[in-house]
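So you can see what is in the structure, the chains are spelled out below.
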Amino acid sequence: MSQAEVDTTQLLKGVLDLAVLAVLADADSYGYDVVRRLRESGLDHVGDASVYGTLRRLYQAGALNSYVVPSDEGPHRKYYGLNNRGRKALDQSAQTWASLSKALNHLLNGRSNSHGK
Amino acid sequence: MASNDQASDVATYAATVRAQLADLPAMERDVLLEDLEQHLAEVAAEGEGSLVDRLGPPEDYAVELRAAYRAGRQTTQTTQTTQTTQTNQRTQTNGAYLAESVRAAAHRVIDSDWARQVVAFLPELRPAWWVLRGYLAALILTAAFSRDYPLGPIPNPATKRGLAEILAAGVAIWLSVRIGRRSRKLPQGPRVLAISANVLIAFVALAVLGNMHTFAYSELIGTATPEQAPFNAAYAAGPLTNIYPYSQDGKPLTNVLLYDQDGRPITVEQSEAQTIYPTGADGKAITNAYPLTQRHMNGDPVVAPRVAFPPWPTPSPSASPSPSPSPTR
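Computed from a predicted structure; not experimentally measured.

The rules behind each value
- Residues numbered from 1 in each chain as written.
- Chains lettered and ligands numbered in written order.
- Predicted model: local features only at pLDDT ≥ 70, side-chain atom pairs only at ≥ 80, totals over all residues.
- Helix = DSSP H or I, 4+ residues; strand = E, 2+ residues; numbered from the N terminus.
- Buried ≥ 20, exposed ≤ 12 C-beta atoms within 10 Å, placed from the backbone.
- Contact = placed C-beta atoms within 7 Å.
- Nonpolar A, V, L, I, M, F, W, Y, C, P; charged D, E, K, R; others polar.
- Pairing = 2+ DSSP bridges.
- Axes fitted to C-alpha atoms, helices over the stretch in contact; angles between N-to-C directions.

**Q** Break down the overall build of chain A for me, with residues and values.
**A** Counting secondary structure elements, chain A contains 4 helices and 3 strands. Reading chain A from its N end, one meets helices and strands in the order α-β-α-α-β-β-α. A buried classification covers 34% of the 117 residues belonging to chain A.

The following block contains the structure:
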């Protein structure tokens, strides 16, 4: 793992909940599909175990519903979807994230500006 | 063979991960690992290569799993507490409370497992619609090109025309399925067009089906009103020997004169019973005054049969008690 990858992984840990909730808000989905959609969104280094663990934890916390959909191509798939509590958690975390990223961007811009001078 | 390999691969991988997490409290471990095999089977089914190639060593997987599960635990709990406070604040105003409970009720339906299962199952019905669409398209074309043709749900394969229609329907179904399989991923514009075309087919088909003479319909015409069939046909089982007229409220009538459409007196067949006709002022027997007075060979008078009256739409309160079925039954 390169230093950049380690950084990404560390940063991602804090916001993986939010990322998974956001993916599920878009459409119900099963574990491996969540991984794929996160990677398609640009979170290349998200690990399968992290996503599975996060899904189980969010489910345990009552933020997700889960149900099994039979598939004729392979094994049955366990789908997860947001329930009321999950949607509220997403709204709240999204707000937190927005203010946090705004503050951080501000800080980073200030830094690059002072460097420029 | 491949699925056997996959199954054993999943089992081995999962067993190693479980062993690595054996130190977790039992409840946490159960929740975390409950679906592990199923999840790994999903992963294995969607790609090439062994699980170790794709996910890394199971030991590392277990470390990541533990971290992911432990990581957000405190955050989630805090989030829940904040939510409760927020809900309490909201309940303070009645209107907001009502809106909230309506929203919650709607979400309970949308979030329910059965609603989600129905939504998830719907795409599986797509091929069924493709077949039906082809059939309906053929039906619409048949209806459009032949105005006075007795359109049926399934054409008669014994006729040339019916056979041609069945073949046409087969081709239409084949085309429809082909189109359905190809148009999986359409851009927004063509997608709206395609959906509109499907809806249009369904609506036009409804109109065509509404005008269709089904088998059941033609049978109904034939048997709907047996009372109005000609005497000969209706009483094929036995000769018609007398007629007992009753008034609307079930009172027996006497000396009712019956004539046919040409004004000829209606007479009935002679039975073993002897009929006594009344004699008119001109000395001729009146043969069409019903009921006829008849005597059996042994001299006993022929008595009126027991009859069941039909229930009238609005029974008059003065109707005498009769064996007619009561409307409430």
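**Q** Give me the interface of chain B and chain A: which residues, what numbers.
**A** The interface is formed by 32 residues belonging to chain B together with 32 residues belonging to chain A. For the side of chain B that touches chain A, the secondary structure elements donating two or more residues are helix H2 (26-33), helix H3 (36-45), helix H5 (58-71), helix H6 (73-90), helix H7 (94-111) and helix H8 (113-121) of chain B. Here the side of chain B that touches chain A is built from residues that sort into 13 nonpolar, 11 polar and 8 charged.

**Q** Go over the pairing of strand E3 (residues 77-82) of chain A, please, and point to the residues and values.
**A** Residues and elements named next belong to chain A. Counting buried positions along E3 yields 5 of 6 residues, so the element is predominantly enclosed. Relative to E3, strand E2 (residues 64-69) runs antiparallel, the two being bridged by 6 bridges. Each bridged residue has a counterpart across the sheet, and for Ser66 the counterpart in E3 is Tyr80.

**Q** A description of the sheet that holds strand E1 (residues 29-30) of chain A should follow, citing residues and the corresponding values.
**A** Read across the sheet, 3 strands follow the order E1-E3-E2 (chain A) without closing on themselves; strand pairing throughout is antiparallel. Here the strands that pair on one side only, and so sit at the sheet edges, are E1 and E2 of chain A. Pairing between E1 of chain A and E3 of chain A: 2 bridges, direction antiparallel. Counted as the bridge partner of Tyr30 of chain A is Tyr79 of chain A from E3 of chain A. Sheet contacts for H8 of chain B: E2 and E3 of chain A; angle to E2 of chain A, the most-contacted strand, approximately 50°.

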